[in-house]
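Report on the structure
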Amino acid sequence: MGQIRAFPPDFVWGAATASFQIEGGRKERGEAIWDAFCRWPGKVVNGDTGDVADDHYHLYRDDVGLMARLGLGAYRFSISWPRVLPEGKGQVNAKGLDFYDMLVDALLEAGITPFVTLYHWDLPSALQRLGGWAARDTIYRFVDYVGVVADRLGDRVQHWITHNEPWVVAFLGNLEGVHAPGWEDAGLALQIAHHVLVSHGLALPVLREKSGEQAKLGITLNLSPAHPATDSPEDRAAAQRQDGYLNRWFLDPVFRGSYPADMAEWYGYLMPRIAPGDMEIIARPIDFLGVNFYTRSVIRHAEDAPFLKVAAVSPEGEYTAMDWEVYPAALTELLLRLTRDYAPAALYITENGCAYEDGVSSDGHVHDPKRVEYFRQHFVASQEAIAQGAPLKGYFAWSLMDNFEWGFGYSRRFGITYVDYATQERIVKDSGLYYASVIKANAVEA
Ligand code: FCB
């Protein structure tokens, strides 16, 4: 400690959320696949739902005030497709569109730059009934939806993220079955990953047209270095497969227009159907890559494991309430590898953060020293990557406030702001105060 590491003067400091996780306002929108998934017994802890969440739909003005007090320069949020188009297509819900319009205006008035994610997992149920992302038609419905949103917001929003974490959409939702829609079929998951990527590429020209040539367009991937558990050739090959599955399967098509050959061979008959022209569409140029980083994975060969024949091991170390290892060096490693292998025009960390068990102390504050330390170490790791040449332009903390953590319901708290779900009171945690001080200094103490 003691050394001050400064960030570039134009570095963007923000916080992130997602529509289903914070908005509530269920009666004021159409049904999402996550609404249905929450009703599936045993899928979501406590049977929690997104009906109310942080009630951000009604409290957004206060929440923008909170962001301003933290000194945020940017806010990443997502649009709920079923709020804009309750049936997924056709009739627009004018009030839904108005909500995002007012949110964007409130942000701009507060001097906060909106970064808008178009798909953070809340597919309209009406489209799921027609096959969801397994149906090629959903690609075109997504592009129409993007057109509706960009028509309304494109004059003010200059930063767009087409998709959040296609790997999670495809594999947690359709192979592991722990996310909506809850299926367990590897071939289906691979086809879905492909359709999501094609929809990303097809949305780009629509966003350009409606937001202007200067608009910055990107996609957010969840990326995580895979380290072999031992030096054995089997474990090293297993780590390579994990890297192919999680990282390269998405990076290669987006930046190089092809799926990685080693993985295509591994998947064999499970490979998706790729229509002529698809790979060119996926590889259309983007202005930035969004990186969601939480941890690394340590991988061994596991002969009996289905699909990939890999298993994760848990080395000694510090773990968060998600059981994710705290390993900030992997963030520097990842950012430098992306720079070297894919030469992105720009990088943003669009999510980074941690869950710990928080509570309000008798002094009325939320003391979360482990989260403060997690953030500090990851700021240092980010600064180190910049110093070594990574084109990292900004950082978004996950999350602005505690929220619905998918299959974990409200049992995991990632916020830099504590939310009392009974009263909807927000209390900035010590980590939020710490973050505000880093933003103000534009520097971190290493
Ligand atoms: C990411 C998601 C985000 C949040 C964090 C903890 O995978 O994008 O919505 O749940 O994990």
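Use the structure listed above.
Computed from a prediction, not measured in an experiment: that's the story for all the values here. (Residues numbered from 1 in each chain as written. Predicted model: local features only at pLDDT ≥ 70, side-chain atom pairs only at ≥ 80, totals over all residues. Heavy atoms only, no water.)

**Concerning the overall build of the chain**
In terms of helices and strands, the chain carries 15 helices and 15 strands. In terms of C-alpha radius of gyration, the chain reaches 21 Å, essentially the compact-globule figure of 22 Å for 446 residues. In terms of overall dimensions, the chain has a C-alpha envelope of 60 × 55 × 45 Å along the principal axes. Relative to its full complement of 446 residues, the chain shows a buried share of 63%. Taking all contacts inside the chain whose residues are at least 6 apart in sequence as the whole, residues at least 24 apart take part in 77%. (Helix = DSSP H or I, 4+ residues; strand = E, 2+ residues; numbered from the N terminus. Rg over C-alpha atoms; globule rule 2.2 N^0.38 Å. Buried < 20%, exposed > 50% of the residue type's maximum accessible area, 1.4 Å probe, protein only. Contact = heavy atoms within 4.5 Å.)

**Regarding the nonpolar core**
Trp34, Tyr145, Trp160 and Phe379 are the most contacted members of the largest nonpolar core, which totals 134 residues. The leading source of residues in this core is helix H9 (residues 186-211), at 13 residues. Counting residues in each nonpolar core, the second largest holds 18 residues, with Ala74, Ala346, Tyr348 and Trp398 among its members. (Core = buried A, V, L, I, M, F, W, Y, C linked by side-chain atoms within 4.5 Å.)

**Looking at the site of the ligand**
For the ligand, the full set of nearby residues is Gln21, His120, Trp121, Asn164, Glu165, Asn292, Tyr294, Glu351, Trp398, Glu405, Trp406 and Phe414. Measuring from an oxygen atom of the ligand, one finds a side-chain N or O atom of Gln21 at 2.8 Å. Between an oxygen atom of the ligand and a side-chain N or O atom of Glu405, the distance comes to 2.7 Å. When the ligand is considered free in solution it has 290 Å² of accessible area, and contact with the protein chains removes 94% of it. Counting atoms within 2 Å of the grid points, the majority share of the ligand lands in the largest pocket. Of the residues contributing to the shell around the ligand, the split by class is five nonpolar, four polar and three charged. (Near = heavy atom within 4 Å. Polar contact = N/O pair within 3.5 Å; in protein donor to acceptor, adjacent residues only side chain to side chain. Areas by Shrake-Rupley, 256 points an atom, 1.4 Å probe, with all protein chains shown as cover. 1 Å grid on protein atoms, 1.4 Å probe; cavity = no way out; pocket = protein on both sides within 12 Å on 5 of 7 lines; lining within 4 Å. Sits in = over half its atoms within 2 Å of the grid points. Nonpolar A, V, L, I, M, F, W, Y, C, P; charged D, E, K, R; others polar.)

**Some points on the packing of aromatic side chains**
Under the defined criterion, the tally for this structure stands at 52 aromatic pairs. Geometrically, the ring pair formed by Tyr294 and Trp324 is tilted, given 5.3 Å between the ring centres and 55 degrees between the ring planes. In this pair, Tyr294 is assigned in the loop between strand E8 (288-292) and strand E9 (297-301) and Trp324 in the loop between strand E10 (310-313) and helix H13 (329-342), connecting sequence segments 30 residues apart. On the basis of relative accessible area, Tyr294 is assigned to the buried category, the value being 13%. (Phe/Tyr/Trp six-rings, centres within 6.5 Å; stacked < 30°, edge-to-face > 60°.)

**Things to note about empty space enclosed by the protein**
Evaluation of the coordinates by the stated rule reveals two cavities of 30 Å³ or more. As for the largest cavity, its lining consists of 17 residues, and the residues nearest its centre are Ile33, Tyr119, Val169, Ala180 and Pro181. A total of four residues in the lining of the largest cavity trace back to one element, the largest contributor, which is helix H8 (residues 166-174). Among the residues making up the lining of the largest cavity, the classes are represented as 12 nonpolar, five polar and no charged. When its volume is computed, the second largest cavity comes out at roughly 40 Å³. (Points joined across faces, edges and corners; volume = space filled by probe spheres on them.)

**Focus: the sheet that holds E8**
Taken in spatial order, the eight strands line up as E2-E3-E4-E5-E6-E8-E11-E12 and close into a barrel, and their pairing is parallel. The mean angle between the axes of side-by-side strands here comes to 25 degrees, regardless of whether they run parallel or antiparallel. Pairing of strand E11 (residues 347-351) with strand E12 (residues 392-398), which is carried by three bridges, proceeds in the parallel orientation. Considered in E12, the bridge of Tyr348 is made with Gly394. Each of strand E4 (113-119), strand E5 (159-164) and strand E6 (216-222) touches H8; the most contacted strand, E6, lies at about 35 degrees to it. This element, helix H14 (residues 369-387), spans strand E2 (12-16), E11 and E12 of the sheet and lies at about 165 degrees to E12. (Pairing = 2+ DSSP bridges. Axes fitted to C-alpha atoms, helices over the stretch in contact; angles between N-to-C directions.)

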